[in-house]
Amino acid sequence: MVKTQSSKSVNDMTVGSPLRAIIKFAIPLILGYILQQMYLIIDAAIVGRWIGVGALAAVGASSSIMFLIMGFCNGSCAGFAIPIAQAFGAKDYAKMRAYVSNSIRIAVVFAVVITFLSCIFCGKILHLVNTPKEVFDDAYIFLMLQFAAIPFTIGYNLLSGQIRALGNSKQPFYFLITASVINIILDAILILGMGLGVEGAGIATWLSQGISVLLCIWFIKKKMQILIPKGEERKFDNKKISILLNNGVPMGLQFSITAIGLIMLQSANNALGTVYVAAFTASMRIKYLFTCVFENIGVAMATYCGQNLGARKLDRIGQGVRASIRMMLVYFVFTFLLIYPFADEMMMLFVDKGEAEVVTYAAQFMRIANYFYPCLGLLTILRYSIQGLGYSNLSMLSGVMEMIARCGVSLWLVPALAWTGVCFGDPVAWVMADLFLIPAFLWLYKHLKKESEFQQPFP
């Protein structure tokens, strides 16, 4: 543990048991994202049951677009945290704070530009993904409200990423609890009480995300002053801006490139009709609830690898990867025991029993995806580990593989197999990404171990 004014709020992952360090960091992340997905599920359940299947389809019609834009924002912010984690691992706190200062500059520019462009092209985006006419107006309103929250999304992911870079994943979890509870309460008030429909769902998300940003700012000022730049550390530094962009932009583009494939897949699915759009929406909500665990084991590995790279402890990186794979396989067995027998019942959270088609199609999607969860788990562990080691450009190529796979499914499998083809979109993409990531990580790890023999200085 680092002896600073904020020592109780940081966690040095370069010492102790790798498995214990990863579990300690990952559990709050996992719980936080499960909670986040739970309120998205409640959101969708309220919309689907109290407004209707059409409204549920409207919320889901733009989900891949949201992943494209929000994925870039979230991925970029996660990338900005990597140099911070590396500097923290190297115990160079002045450099760490300089990275913090310059990452805030970049984030402000991103927030303004992305929000403006997203709002301007909102309608064209929905036409691009073949949004059904009967749900277009509601989808437009919901998407515009989501775009208006982009500055809050960037702010939260930037600040929580900086907190996590120092090994503290508990505090962002507490903030997610608060934001989730507020979101659910606002959903009940705005949708059920005031009858605002999809507008209520969008407003609730906007307000809850704004509160999560304020909580991050408060915590850093009160408990993590080690992150607050001072004096020369606040100056614009072109070299650090370049390093931050080299880590952040490829990570953001990786999500966006992956989302292009998702957009192709959703566009093909939207063309099948409203029932299939509703089934896709319901199944994706539950899928994200389960798969966020894999994602957050990966996020933990990014911080773990970043800190240990900064400390020049390459052997611990290999130990951490092996430990995280074991964790992932244990979790996969758990998901299989839940999803295979109970997928239909899970889908009934979103629609009435009378919507038999929606339930059947959504459950089929969940079961097929579940068979391939080990492929997804390996993908997230290796991808985030590569990112934590500072090679975001390499991990971005795995996103290209996913995009190519989903585009292929959209162009050939969906026309041939209809909904069944949609169900295989994710599994094919995960397998393709793994075929790239496995040799890429093995090469990179060998390269870094050889490089470390010369004890080159931390960049």
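Residues numbered from 1 in each chain as written. Predicted model: local features only at pLDDT ≥ 70, side-chain atom pairs only at ≥ 80, totals over all residues. Heavy atoms only, no water.

Some words on the overall build of the chain
Phase 1: Looking only at helices and strands, one finds 17 helices and 0 strands in the chain.
Phase 2: Buried positions account for 59% of the 459 residues belonging to the chain.
Phase 3: Across the chain, every contact between residues at least 6 apart in sequence was considered, and the portion connecting residues at least 24 apart equals 84%.
Phase 4: Total accessible area on the chain stands at roughly 18000 Å², and carbon and sulfur atoms take up 69% of it. (Helix = DSSP H or I, 4+ residues; strand = E, 2+ residues; numbered from the N terminus. Buried < 20%, exposed > 50% of the residue type's maximum accessible area, 1.4 Å probe, protein only. Contact = heavy atoms within 4.5 Å. Areas by Shrake-Rupley, 256 points an atom, 1.4 Å probe, with all protein chains shown as cover.)

Looking at the packing of aromatic side chains
Phase 1: This structure, assessed with the given rule, holds 19 aromatic pairs.
Phase 2: Note on Phe-336 and Tyr-340: the rings are 5.6 Å apart at their centroids and 15° apart in plane angle, and the pair reads as stacked. Here Phe-336 pairs with Tyr-340, and both are found in helix H12 (residues 314–347), just 4 residues apart, close to one helical turn.
Phase 3: Note that Lys-240 overlies the ring of Tyr-99, its terminal NZ or CZ placed 5.7 Å from the centroid.
Phase 4: The positively charged end of Arg-367 is found above the aromatic ring belonging to Tyr-340, 5.9 Å away from the centroid. (Phe/Tyr/Trp six-rings, centres within 6.5 Å; stacked < 30°, edge-to-face > 60°. Lys NZ or Arg CZ within 6 Å of the ring centre and 35° of its normal.)

As for the environment of Arg-164
Phase 1: Tracing the chain through its elements places Arg-164 in helix H7 (residues 150–165).
Phase 2: On the basis of relative accessibility, which here comes to 8%, the residue Arg-164 falls in the buried class.
Phase 3: Separated by 82 residues in the primary sequence, Arg-164 and Ile-82 place their C-alpha atoms 9.9 Å from one another.
Phase 4: Ignoring any residue separated from it by four or fewer positions in sequence, one finds Arg-164 in contact with Phe-25, Leu-29, Tyr-33, Tyr-156, Ser-169, Pro-172 and Thr-303.

Points about helix H8 (residues 170–193)
Phase 1: Over its 24 residues, H8 runs 33 Å from end to end, which matches the ideal 34 Å to within 8%, given 1.5 Å per residue.
Phase 2: Restricting attention to buried positions, one finds in H8 the residues Gln-171, Pro-172, Phe-173, Phe-175, Leu-176, Ala-179, Ser-180, Asn-183, Leu-186, Asp-187, Leu-190 and Ile-191. (Expected span 1.5 Å × (residues − 1).)

Observations concerning the pattern of salt bridges
Phase 1: Enumeration according to the criterion identifies 9 salt bridges in this entry.
Phase 2: A salt bridge links Asp-426 to Lys-287, with the nearest nitrogen and oxygen atoms 2.7 Å apart. Highlighted residues: Asp-426 in helix H17 (residues 425–452) and Lys-287 in helix H11 (residues 274–310), separated in sequence by 139 residues.
Phase 3: By relative accessible area, which is 2% here, Asp-426 ends up buried.
Phase 4: A salt bridge links Asp-315 to Lys-449; the nearest nitrogen and oxygen atoms lie 2.9 Å apart. Of this pair, Asp-315 sits in helix H12 while Lys-449 is found in helix H17, placing the two residues 134 residues apart along the sequence.
Phase 5: Taking relative accessible area as the criterion, Lys-449 reaches 33% and is therefore assigned partly exposed. (Salt bridge = Lys/Arg side-chain N within 4 Å of Asp/Glu carboxyl O.)

Side note on the side chain of Gln-307
Phase 1: On the secondary structure map, Gln-307 appears in helix H11.
Phase 2: Taking the relative accessible area as the measure of exposure, Gln-307 reaches 0% and is therefore buried.
Phase 3: Among all residues touching Gln-307, those that are not within four sequence positions of it are Asn-11, Asp-12, Met-13, Thr-14, Ala-85, Phe-88, Gly-89, Ala-165, Leu-166 and Gly-167.

Re a nonpolar patch on the surface
Phase 1: A surface patch of nonpolar side chains, amounting to about 820 Å² of accessible area, comprises Ile-104, Val-108, Val-109, Val-112, Val-113, Phe-116, Leu-117, Ile-120 and Phe-121.
Phase 2: As for its placement among the helices and strands, Val-112 is situated in helix H4 (residues 93–120). (Patch = residues over 30% accessible without salt bridge, like charges linked within 9 Å, V, L, I, M, F, W, Y side chains within 5 Å.)

Observations concerning helix H6 (residues 136–148)
Phase 1: The first and last C-alpha atoms of H6 sit 18 Å apart over 13 residues, in line with the 18 Å expected at 1.5 Å per residue.
Phase 2: Three or more residues of H6 are buried, namely Phe-136, Ala-139, Phe-142, Leu-143, Gln-146 and Phe-147. Seen end-on, H6 carries its buried residues on one side only, within an arc spanning 135°. (Arc of directions from axis to C-beta.)

Side note on the nonpolar core
Phase 1: Among the nonpolar cores identified, the biggest contains 67 residues, and Phe-290, Met-347, Met-366, Tyr-373, Leu-389 and Trp-419 are the most heavily contacted of them.
Phase 2: Listed in part, the 48 residues of the second largest apolar core include Ile-69, Met-70, Ile-106 and Phe-136. (Core = buried A, V, L, I, M, F, W, Y, C linked by side-chain atoms within 4.5 Å.)

Concerning the packing of H11 against H12
The relative placement of two packed helices comes down to the angle between their axes together with the axis-to-axis distance.
Phase 1: Interaxial distance between H11 and H12 falls to 11 Å at its minimum, and their mutual angle equals 175°. With respect to each other, H11 and H12 are oriented roughly antiparallel.
Phase 2: Its residues placed into classes, the contact of H11 with H12 shows 21 nonpolar, 5 polar and 1 charged. (Axes fitted to C-alpha atoms, helices over the stretch in contact; angles between N-to-C directions. Parallel < 35°, antiparallel > 145°, perpendicular 65-115°, else oblique. Nonpolar A, V, L, I, M, F, W, Y, C, P; charged D, E, K, R; others polar.)

Structural notes on the side chain of Ser-103
Phase 1: Residue placement: Ser-103 occurs in helix H4.
Phase 2: Other than its neighbours up to four places away in sequence, Ser-103 contacts Phe-80, Leu-158, Gln-162 and Leu-244.

Quick notes on unusual backbone geometry
Phase 1: Positive phi outside glycine occurs at Lys-91, with the angle close to 65°.
Phase 2: Tracing the chain through its elements places Lys-91 in the loop between helix H3 (63–89) and H4.
Phase 3: Positive phi values are uncommon outside glycine, yet Arg-312 reaches one of about 60°.

Points about the confidence of the model for the chain
Phase 1: Put simply, the chain has an average pLDDT of 84, and 87% of its residues get 70 or more.
Phase 2: Of all secondary-structure elements in the chain, the lowest mean pLDDT belongs to helix H2 (residues 53–60), at 56, while helix H14 (residues 373–388) reaches the highest, 95. (pLDDT = per-residue confidence, 0-100.)

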